[in-house]
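Take a look at the letters that make up each chain.
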Amino acid sequence: MIRIGHNPNTNMLPMFHFLDMNHPLIESVVAEPTGHNAMLAAGEIDMAPISAFSYGEHWKDYAILPNLSVSTKGRVGSIILFSKVPLKDLDGLTVALTDASATSVNLTKIILHHYYGVMPHYLTMSANLQEMFLVADAALLIGDAAIQAALLQPDCYIYDLGEEWLKFTGCSMTYAVWAFPKLLLSEREQEIRIIHKLLIEAKVKALCNMEDVILTCQTMLGGTHGFWVGYFAQFNYGLDSSLECGLNKYLGLCFELSLLPSLPVLEFWPKE
Ligand SMILES: C=C(O[C@@H]1C=C(C(=O)O)C=C[C@H]1O)C(=O)O
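Everything numeric in this text was worked out from a predicted model, so none of it was measured.

Thresholds applied
- Residues numbered from 1 in each chain as written.
- Predicted model: local features only at pLDDT ≥ 70, side-chain atom pairs only at ≥ 80, totals over all residues.
- Heavy atoms only, no water.
- Salt bridge = Lys/Arg side-chain N within 4 Å of Asp/Glu carboxyl O.
- Helix = DSSP H or I, 4+ residues; strand = E, 2+ residues; numbered from the N terminus.
- Buried < 20%, exposed > 50% of the residue type's maximum accessible area, 1.4 Å probe, protein only.
- Near = heavy atom within 4 Å.
- Polar contact = N/O pair within 3.5 Å; in protein donor to acceptor, adjacent residues only side chain to side chain.
- Areas by Shrake-Rupley, 256 points an atom, 1.4 Å probe, with all protein chains shown as cover.
- Domains from an automatic or database assignment.
- Contact = heavy atoms within 4.5 Å.
- Buried area = accessible area lost by both parts, 1.4 Å probe.
- Pairing = 2+ DSSP bridges.

What to know about the pattern of salt bridges
On inspection of all chains with the given rule, the structure shows eight salt bridges. In this structure, E164 engages K167 in a salt bridge whose closest nitrogen and oxygen atoms are separated by 3.2 Å. Here K167 and E164 lie together in helix α7 (residues 161–169), a separation of three residues that amounts to about one turn. Owing to a relative accessible area of 7%, E164 belongs among the buried residues under this scheme. The closest approach of N and O atoms between R188 and E191, which form a salt bridge, is 3.3 Å. Separated by three residues within a single helix, R188 and E191 lie in helix α8 (residues 185–208), roughly one turn from each other. Shared partners join several salt bridges into a network, and the residues in it are R3, D46, R188 and E191.

What follows is the structure, encoded as C-alpha coordinates:
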(Lines give C-alpha, C1' and ligand atoms only; values in the text may rest on other atoms or scores of the structure.)
Protein backbone atom coordinates (compact mmCIF):
# COMPACT_ATOMS: atom_id res chain seq x y z
CA MET A 1 0.00 0.00 0.00
CA ILE A 2 1.31 3.47 -0.92
CA ARG A 3 -0.22 6.47 0.85
CA ILE A 4 -0.50 9.18 -1.82
CA GLY A 5 -1.42 12.82 -1.47
CA HIS A 6 -4.60 13.74 -3.36
CA ASN A 7 -4.79 17.45 -4.21
CA PRO A 8 -8.44 18.37 -4.96
CA ASN A 9 -7.75 21.55 -7.00
CA THR A 10 -8.81 21.69 -10.64
CA ASN A 11 -5.21 22.28 -11.84
CA MET A 12 -4.45 18.73 -10.63
CA LEU A 13 -7.54 17.08 -12.13
CA PRO A 14 -5.72 15.85 -15.26
CA MET A 15 -3.61 13.70 -12.91
CA PHE A 16 -6.33 12.54 -10.53
CA HIS A 17 -9.58 12.32 -12.51
CA PHE A 18 -8.88 8.85 -13.92
CA LEU A 19 -6.69 7.55 -11.10
CA ASP A 20 -8.40 4.59 -9.45
CA MET A 21 -8.44 5.55 -5.77
CA ASN A 22 -9.85 2.11 -4.98
CA HIS A 23 -6.78 0.38 -6.41
CA PRO A 24 -5.51 -2.10 -3.79
CA LEU A 25 -2.09 -0.40 -3.74
CA ILE A 26 -3.46 3.12 -3.18
CA GLU A 27 -4.57 4.89 -0.05
CA SER A 28 -5.20 8.61 -0.62
CA VAL A 29 -5.05 11.59 1.71
CA VAL A 30 -6.71 14.81 0.53
CA ALA A 31 -4.96 18.12 1.32
CA GLU A 32 -3.75 21.40 -0.14
CA PRO A 33 -0.08 21.51 -1.29
CA THR A 34 1.34 22.72 2.06
CA GLY A 35 -0.52 19.91 3.83
CA HIS A 36 1.13 17.33 1.57
CA ASN A 37 4.53 19.03 1.84
CA ALA A 38 4.38 18.66 5.63
CA MET A 39 2.92 15.13 5.61
CA LEU A 40 5.57 13.84 3.20
CA ALA A 41 8.36 15.40 5.28
CA ALA A 42 6.87 13.84 8.43
CA GLY A 43 6.53 10.38 6.85
CA GLU A 44 2.73 10.45 7.17
CA ILE A 45 2.30 9.86 3.43
CA ASP A 46 4.63 8.14 0.96
CA MET A 47 4.28 10.19 -2.21
CA ALA A 48 2.52 13.37 -3.35
CA PRO A 49 2.39 16.14 -5.94
CA ILE A 50 4.29 18.47 -3.61
CA SER A 51 5.33 22.08 -4.14
CA ALA A 52 8.50 22.31 -6.25
CA PHE A 53 9.88 24.50 -3.42
CA SER A 54 9.34 21.68 -0.92
CA TYR A 55 11.37 19.37 -3.17
CA GLY A 56 14.07 22.06 -2.97
CA GLU A 57 13.98 21.85 0.83
CA HIS A 58 14.26 18.04 0.87
CA TRP A 59 16.14 17.29 -2.35
CA LYS A 60 18.79 15.21 -0.61
CA ASP A 61 16.09 12.83 0.71
CA TYR A 62 13.54 12.80 -2.12
CA ALA A 63 13.35 11.45 -5.66
CA ILE A 64 11.06 12.83 -8.39
CA LEU A 65 8.80 10.63 -10.52
CA PRO A 66 9.67 11.28 -14.20
CA ASN A 67 7.31 12.83 -16.71
CA LEU A 68 4.89 14.23 -14.12
CA SER A 69 4.54 17.84 -12.97
CA VAL A 70 2.25 20.83 -12.91
CA SER A 71 3.95 23.38 -15.17
CA THR A 72 3.18 26.22 -17.55
CA LYS A 73 5.18 28.37 -19.90
CA GLY A 74 3.59 31.73 -19.18
CA ARG A 75 0.04 32.23 -18.00
CA VAL A 76 -1.29 29.87 -15.32
CA GLY A 77 -4.68 31.42 -14.55
CA SER A 78 -4.59 30.17 -10.96
CA ILE A 79 -1.46 31.64 -9.39
CA ILE A 80 -2.44 35.23 -9.01
CA LEU A 81 -1.13 38.22 -7.11
CA PHE A 82 -4.07 40.59 -6.62
CA SER A 83 -2.78 44.06 -5.79
CA LYS A 84 -4.22 47.45 -4.90
CA VAL A 85 -1.13 49.12 -6.43
CA PRO A 86 1.23 48.26 -9.31
CA LEU A 87 3.86 45.71 -8.14
CA LYS A 88 6.65 48.27 -8.52
CA ASP A 89 4.98 50.33 -5.76
CA LEU A 90 4.77 47.53 -3.15
CA ASP A 91 7.99 48.49 -1.32
CA GLY A 92 7.28 48.70 2.43
CA LEU A 93 3.61 47.72 1.93
CA THR A 94 2.00 44.46 3.07
CA VAL A 95 1.45 41.33 0.99
CA ALA A 96 -0.82 38.55 2.29
CA LEU A 97 0.28 35.07 1.20
CA THR A 98 -2.02 32.06 1.04
CA ASP A 99 -1.10 29.35 3.54
CA ALA A 100 -1.79 26.69 0.88
CA SER A 101 1.35 27.34 -1.19
CA ALA A 102 5.11 27.00 -0.94
CA THR A 103 6.24 27.33 -4.59
CA SER A 104 4.17 30.40 -5.41
CA VAL A 105 4.90 32.11 -2.09
CA ASN A 106 8.61 31.98 -2.92
CA LEU A 107 7.97 32.80 -6.58
CA THR A 108 6.23 35.97 -5.33
CA LYS A 109 9.33 36.85 -3.29
CA ILE A 110 11.65 36.23 -6.25
CA ILE A 111 9.54 38.39 -8.56
CA LEU A 112 9.11 41.23 -6.05
CA HIS A 113 12.61 41.30 -4.52
CA HIS A 114 14.79 40.24 -7.44
CA TYR A 115 12.94 41.59 -10.45
CA TYR A 116 10.92 44.58 -9.16
CA GLY A 117 13.43 45.50 -6.40
CA VAL A 118 10.68 46.00 -3.80
CA MET A 119 10.68 44.58 -0.27
CA PRO A 120 7.18 44.34 1.24
CA HIS A 121 6.14 42.86 4.61
CA TYR A 122 4.46 39.48 4.47
CA LEU A 123 1.54 37.90 6.29
CA THR A 124 0.50 34.27 5.86
CA MET A 125 -3.27 33.79 5.85
CA SER A 126 -5.97 31.41 4.73
CA ALA A 127 -7.09 32.05 1.18
CA ASN A 128 -9.83 34.68 1.24
CA LEU A 129 -9.27 37.75 -0.92
CA GLN A 130 -11.69 40.03 0.95
CA GLU A 131 -10.14 39.23 4.34
CA MET A 132 -6.63 39.54 2.94
CA PHE A 133 -7.43 42.96 1.48
CA LEU A 134 -8.64 44.15 4.91
CA VAL A 135 -5.08 43.84 6.26
CA ALA A 136 -2.82 43.87 3.17
CA ASP A 137 -2.17 45.81 -0.04
CA ALA A 138 -1.72 42.70 -2.16
CA ALA A 139 -2.77 39.07 -1.84
CA LEU A 140 -1.43 35.85 -3.35
CA LEU A 141 -3.96 33.12 -4.07
CA ILE A 142 -3.41 29.80 -5.82
CA GLY A 143 -5.53 27.00 -7.23
CA ASP A 144 -9.31 27.07 -7.09
CA ALA A 145 -9.35 29.97 -4.60
CA ALA A 146 -7.48 32.07 -7.19
CA ILE A 147 -9.78 31.02 -10.02
CA GLN A 148 -12.89 31.82 -7.99
CA ALA A 149 -11.53 35.21 -6.88
CA ALA A 150 -10.53 36.15 -10.45
CA LEU A 151 -13.93 35.09 -11.85
CA LEU A 152 -15.50 37.76 -9.59
CA GLN A 153 -13.38 40.38 -11.41
CA PRO A 154 -12.16 42.27 -8.31
CA ASP A 155 -11.36 45.94 -8.78
CA CYS A 156 -7.56 45.72 -8.47
CA TYR A 157 -4.42 44.94 -10.47
CA ILE A 158 -4.22 41.25 -11.36
CA TYR A 159 -0.80 39.68 -11.97
CA ASP A 160 -0.46 36.12 -13.23
CA LEU A 161 2.83 34.89 -11.77
CA GLY A 162 3.47 32.43 -14.57
CA GLU A 163 3.35 35.37 -16.99
CA GLU A 164 5.60 37.48 -14.75
CA TRP A 165 8.12 34.62 -14.49
CA LEU A 166 8.20 34.15 -18.28
CA LYS A 167 8.56 37.90 -18.83
CA PHE A 168 11.67 38.11 -16.63
CA THR A 169 13.34 34.74 -17.25
CA GLY A 170 12.04 33.48 -20.60
CA CYS A 171 11.50 30.17 -18.79
CA SER A 172 8.65 27.81 -18.06
CA MET A 173 7.69 27.40 -14.42
CA THR A 174 7.08 24.13 -12.59
CA TYR A 175 4.83 24.46 -9.56
CA ALA A 176 4.54 20.86 -8.41
CA VAL A 177 6.45 17.60 -8.82
CA TRP A 178 5.57 14.10 -7.67
CA ALA A 179 8.15 13.17 -5.04
CA PHE A 180 8.80 10.38 -2.54
CA PRO A 181 11.52 9.67 0.04
CA LYS A 182 14.38 7.66 -1.53
CA LEU A 183 14.49 5.53 1.63
CA LEU A 184 11.24 3.90 0.46
CA LEU A 185 13.11 2.29 -2.43
CA SER A 186 14.76 -0.28 -0.19
CA GLU A 187 11.44 -2.04 0.53
CA ARG A 188 8.80 -0.61 -1.81
CA GLU A 189 10.55 -0.28 -5.17
CA GLN A 190 8.05 -2.45 -7.03
CA GLU A 191 5.02 -0.67 -5.58
CA ILE A 192 6.45 2.76 -6.47
CA ARG A 193 7.09 1.56 -10.02
CA ILE A 194 3.46 0.42 -10.32
CA ILE A 195 2.05 3.68 -8.88
CA HIS A 196 4.22 5.69 -11.29
CA LYS A 197 2.78 3.67 -14.17
CA LEU A 198 -0.79 4.19 -12.88
CA LEU A 199 -0.19 7.94 -12.57
CA ILE A 200 1.16 8.19 -16.10
CA GLU A 201 -1.75 6.12 -17.47
CA ALA A 202 -4.30 8.28 -15.60
CA LYS A 203 -2.69 11.45 -16.95
CA VAL A 204 -2.59 10.18 -20.55
CA LYS A 205 -6.23 9.12 -20.32
CA ALA A 206 -7.24 12.54 -18.96
CA LEU A 207 -5.32 14.42 -21.65
CA CYS A 208 -7.18 12.33 -24.26
CA ASN A 209 -10.54 12.92 -22.51
CA MET A 210 -10.39 16.56 -21.45
CA GLU A 211 -14.14 16.98 -22.04
CA ASP A 212 -14.74 14.71 -19.01
CA VAL A 213 -12.25 16.68 -16.93
CA ILE A 214 -13.84 19.99 -17.98
CA LEU A 215 -17.35 18.81 -17.07
CA THR A 216 -16.09 17.97 -13.59
CA CYS A 217 -14.46 21.41 -13.30
CA GLN A 218 -17.73 23.08 -14.33
CA THR A 219 -19.59 21.11 -11.68
CA MET A 220 -17.00 22.10 -9.09
CA LEU A 221 -16.54 25.80 -9.87
CA GLY A 222 -18.89 26.84 -12.70
CA GLY A 223 -17.27 28.76 -15.56
CA THR A 224 -17.94 28.28 -19.26
CA HIS A 225 -16.63 25.40 -21.36
CA GLY A 226 -14.43 27.90 -23.19
CA PHE A 227 -12.97 29.18 -19.94
CA TRP A 228 -11.77 25.70 -18.97
CA VAL A 229 -10.48 24.89 -22.45
CA GLY A 230 -8.40 28.09 -22.20
CA TYR A 231 -7.29 27.25 -18.67
CA PHE A 232 -6.00 23.77 -19.42
CA ALA A 233 -4.39 24.86 -22.71
CA GLN A 234 -1.67 26.55 -20.61
CA PHE A 235 -0.61 23.49 -18.62
CA ASN A 236 2.06 20.90 -19.20
CA TYR A 237 1.85 17.83 -16.97
CA GLY A 238 5.13 16.28 -18.15
CA LEU A 239 8.67 17.12 -17.10
CA ASP A 240 10.91 17.24 -20.19
CA SER A 241 14.35 18.86 -20.36
CA SER A 242 13.01 22.32 -21.20
CA LEU A 243 10.71 22.24 -18.16
CA GLU A 244 13.63 20.96 -16.05
CA CYS A 245 15.55 24.02 -17.17
CA GLY A 246 12.82 26.36 -15.82
CA LEU A 247 12.62 24.36 -12.60
CA ASN A 248 16.39 24.58 -12.12
CA LYS A 249 16.25 28.31 -12.77
CA TYR A 250 13.57 28.71 -10.07
CA LEU A 251 15.39 26.54 -7.50
CA GLY A 252 18.69 28.27 -8.31
CA LEU A 253 17.15 31.70 -7.64
CA CYS A 254 15.60 30.40 -4.39
CA PHE A 255 19.13 29.42 -3.31
CA GLU A 256 20.71 32.65 -4.54
CA LEU A 257 18.16 34.72 -2.60
CA SER A 258 18.63 32.54 0.53
CA LEU A 259 15.08 31.19 0.36
CA LEU A 260 16.66 27.70 0.27
CA PRO A 261 19.73 26.65 2.31
CA SER A 262 21.36 24.57 -0.45
CA LEU A 263 21.32 24.36 -4.24
CA PRO A 264 18.97 21.51 -5.19
CA VAL A 265 19.85 18.85 -7.76
CA LEU A 266 16.96 17.14 -9.54
CA GLU A 267 17.07 13.38 -9.05
CA PHE A 268 14.60 11.19 -10.86
CA TRP A 269 13.47 7.63 -10.18
CA PRO A 270 12.90 5.38 -12.04
CA LYS A 271 15.72 6.53 -14.33
CA GLU A 272 14.51 6.54 -17.94
C1 LIG B 1 -0.82 25.58 -10.82
C2 LIG B 1 -0.94 25.62 -9.52
O3 LIG B 1 0.11 25.16 -8.84
C4 LIG B 1 0.11 24.68 -7.52
C5 LIG B 1 0.99 25.53 -6.71
C6 LIG B 1 1.68 25.03 -5.64
C7 LIG B 1 2.44 25.94 -4.72
O8 LIG B 1 2.42 27.15 -4.94
O9 LIG B 1 3.10 25.44 -3.77
C10 LIG B 1 1.66 23.64 -5.40
C11 LIG B 1 1.06 22.79 -6.27
C12 LIG B 1 0.59 23.25 -7.61
O13 LIG B 1 -0.39 22.47 -8.13
C14 LIG B 1 -2.14 26.20 -8.90
O15 LIG B 1 -2.29 26.22 -7.67
O16 LIG B 1 -2.99 26.68 -9.64
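There is more to say after this.
A few points about the site of the ligand
Around the ligand sit 17 residues in total, of which N11, S51, S78, S101 and S104 are the nearest. Residue N11 places a side-chain N or O atom 2.9 Å away from an oxygen atom belonging to the ligand. The backbone of G143 places a nitrogen or oxygen atom 3.0 Å from an oxygen atom of the ligand. Taken by itself the ligand offers 380 Å² of open surface, and the protein chains cover 100% of this. Counting residues per element, the ones that place at least two in the shell around the ligand are α4 (103–115) and β10 (173–181).

Considerations on the side chain of T169
With respect to the helices and strands, the residue T169 is situated in helix α7. Separated by 2.6 Å, the side chain of T169 and the backbone oxygen of W165 make a polar contact. Here the side chain of T169 touches C171 through a polar contact of 3.0 Å, landing on its backbone nitrogen.

Points about the domain arrangement of the protein chain
Split into domains, the protein chain comes out as domain 1 (2–71 + 174–256) and domain 2 (79–169). Using only C-alpha atoms to locate each centre, domain 1 and domain 2 end up separated by 23 Å. Tallying the contact residues gives 24 residues for domain 1 and 21 residues for domain 2. Roughly 1700 Å² is buried in total at the junction of domain 1 and domain 2, and carbon and sulfur atoms are behind 69% of that figure. When the area that domain 1 buries against domain 2 is broken down by residue, the three leading residues are Y175, L221 and Y250, summing to 35%. The tally of links from domain 1 across to domain 2 stands at eight residue pairs in polar contact (both at pLDDT 80 or more).

Here's the deal with the pairing of strand β1 (residues 2–6)
Of all five residues in β1, four are buried, a share of seventy percent or more. As paired elements, β1 and strand β2 (residues 26–30) share five bridges and run parallel to each other. If you follow I2 over to β2, its bridge partner there is I26.

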